[in-house]
Amino acid sequence: SGAGFGRTFIYKEDRTSSAVHSVVGHVTKGIELVRIAEKGSKIAVTSNPERILLIGMGFGEAEKLLDERGLKLEKKGYTGNDAIIVEQEPDTTIEMIKGGVVTGLGVKSDHIINVRFYDELAPKTLDFLRHSLRLKDRPLGPLPVFFTYENTFLFRTQKGAESYKEIIPENTPKTKVLAGDIGVTNQAAKRYGMIGIKLIDDEKYGPSGEKFECTNIIGKVIEPERLKGLEEGDTIYIREVS
């Protein structure tokens, strides 16, 4: 709790324990690097046990990985040859090792939407999106369909980060948005945080249905045709590509 919520600390010397710190591990090698590190330094961390992340894999690849760790895989959802795992249960490696069984949820590969983000043009908005979709620590993020009409698809993230992440106007279009552009409604409009994608060019409204000044363009869908046929309540999974 408090302003430092989520920060990681490594104690260089013995100290009285703190009620606001959860002890999650112990440095077994390299404490000397911690002692000499200065502000701005970067230290590589190797965890033990090594993280198990099945998301983004096919079931065959996941089964092989788990076999090597002495764990079993349970399959849910779509399990065809082109299935991609989009969720795993339990979520953490420690829980997996404790239980011995991991459940993977599969979807068809055409439910994966490859996206190229514009980091230099819309860094604040992308920080909001990556946080909302958990793309900071996963290769795939779920994006539920909120509404569809004509050639426009609107989405709301499962994790509503609008209340504590800024969506200031940035990279707003001037004359036209192109088919496949991804737009996020910024804080100049009431429905800020709404995400939209159009399958056609538009010279009047952004991908999320807002005026240009209320729309931040954050990236482009590589294969927008995969959106065709989506309905309210469906979920796609975003994968960031370079």
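Look a little higher up for the structure.
Predicted, not measured: the structure shown is a model, and the values here were computed from it. (Residues numbered from 1 in each chain as written. Predicted model: local features only at pLDDT ≥ 70, side-chain atom pairs only at ≥ 80, totals over all residues. Heavy atoms only, no water.)

A.B. asks: Explain helix α2 (residues 59–68) here, please?
C.D. replies: Each α-helix turn comprises 3.6 residues. Residues three or four places apart therefore point the same way. Along α2, the residues classified as buried are F59, A62 and L66. Along the long axis of α2, the arc covered by the buried residues comes to 60°, so they all point the same way. Residues G60, K64, D67 and E68 are exposed on α2 and point more than 90 degrees away from its buried face. In the core, the buried residues of α2 are packed alongside β1 (72–77), β2 (83–89) and β3 (101–108). Positive phi shows up at G70, right after α2, with a value of about 75°. (Buried < 20%, exposed > 50% of the residue type's maximum accessible area, 1.4 Å probe, protein only. Helix = DSSP H or I, 4+ residues; strand = E, 2+ residues; numbered from the N terminus. Arc of directions from axis to C-beta. Contact = heavy atoms within 4.5 Å.)

A.B. asks: Whenever I open this one, the pattern of salt bridges confuses me. Can you help?
C.D. replies: Pairs can form between side chains of opposite charge once their charged atoms are near each other. Counted by the stated rule, this structure contains 13 salt bridges. Across the pair K124 and E166 runs a salt bridge whose closest N-O atoms are separated by 3.5 Å. Taken together, the residues span a long stretch of sequence, with K124 in helix α4 (residues 123–133) and E166 in the loop between β6 (152–155) and β7 (181–185) at a distance of 42 residues. Owing to a relative accessible area of 44%, E166 belongs among the partly exposed residues under this scheme. What you see here is one network of salt bridges that share partners, running through E87, D91, R134, D137 and R138. (Salt bridge = Lys/Arg side-chain N within 4 Å of Asp/Glu carboxyl O.)

A.B. asks: Before we go on, may I ask you to explain the sheet that holds β6 in this structure?
C.D. replies: Working definition: the strands of a sheet are paired by backbone hydrogen bonds and lie parallel or antiparallel to each other. Spatially, 7 strands are ordered β4-β9-β7-β8-β6-β5-β10 in a closed barrel, and the strand pairing comes out mixed. Averaged over all neighbouring strand pairs, the angle between strand axes comes to 40°, with direction disregarded. Here strand β4 (residues 112–117) runs beside strand β10 (residues 235–240); their pairing, made up of 4 bridges, is parallel. Residue I113 lies in a different strand from β10, and its bridge partner there is I238. (Pairing = 2+ DSSP bridges. Axes fitted to C-alpha atoms, helices over the stretch in contact; angles between N-to-C directions.)

A.B. asks: Before we go on, may I ask you to explain the sheet that holds β3 in this structure?
C.D. replies: Reading across from one edge, β1-β3-β2 is the order of the 3 strands in this open sheet, with mixed pairing throughout. In this open sheet, the two strands that pair with only one neighbour each are β1 and β2. Strand-to-strand, the axes of this sheet are offset by a mean angle of 35°, without reference to chain direction. The sheet contact formed by β2 and β3 spans 6 bridges and is antiparallel. From the neighbouring strand, E89 faces β3, where its bridge partner is T103. Its contacts with the sheet place α2 against β1, β2 and β3, and it is angled at close to 155° to β1.

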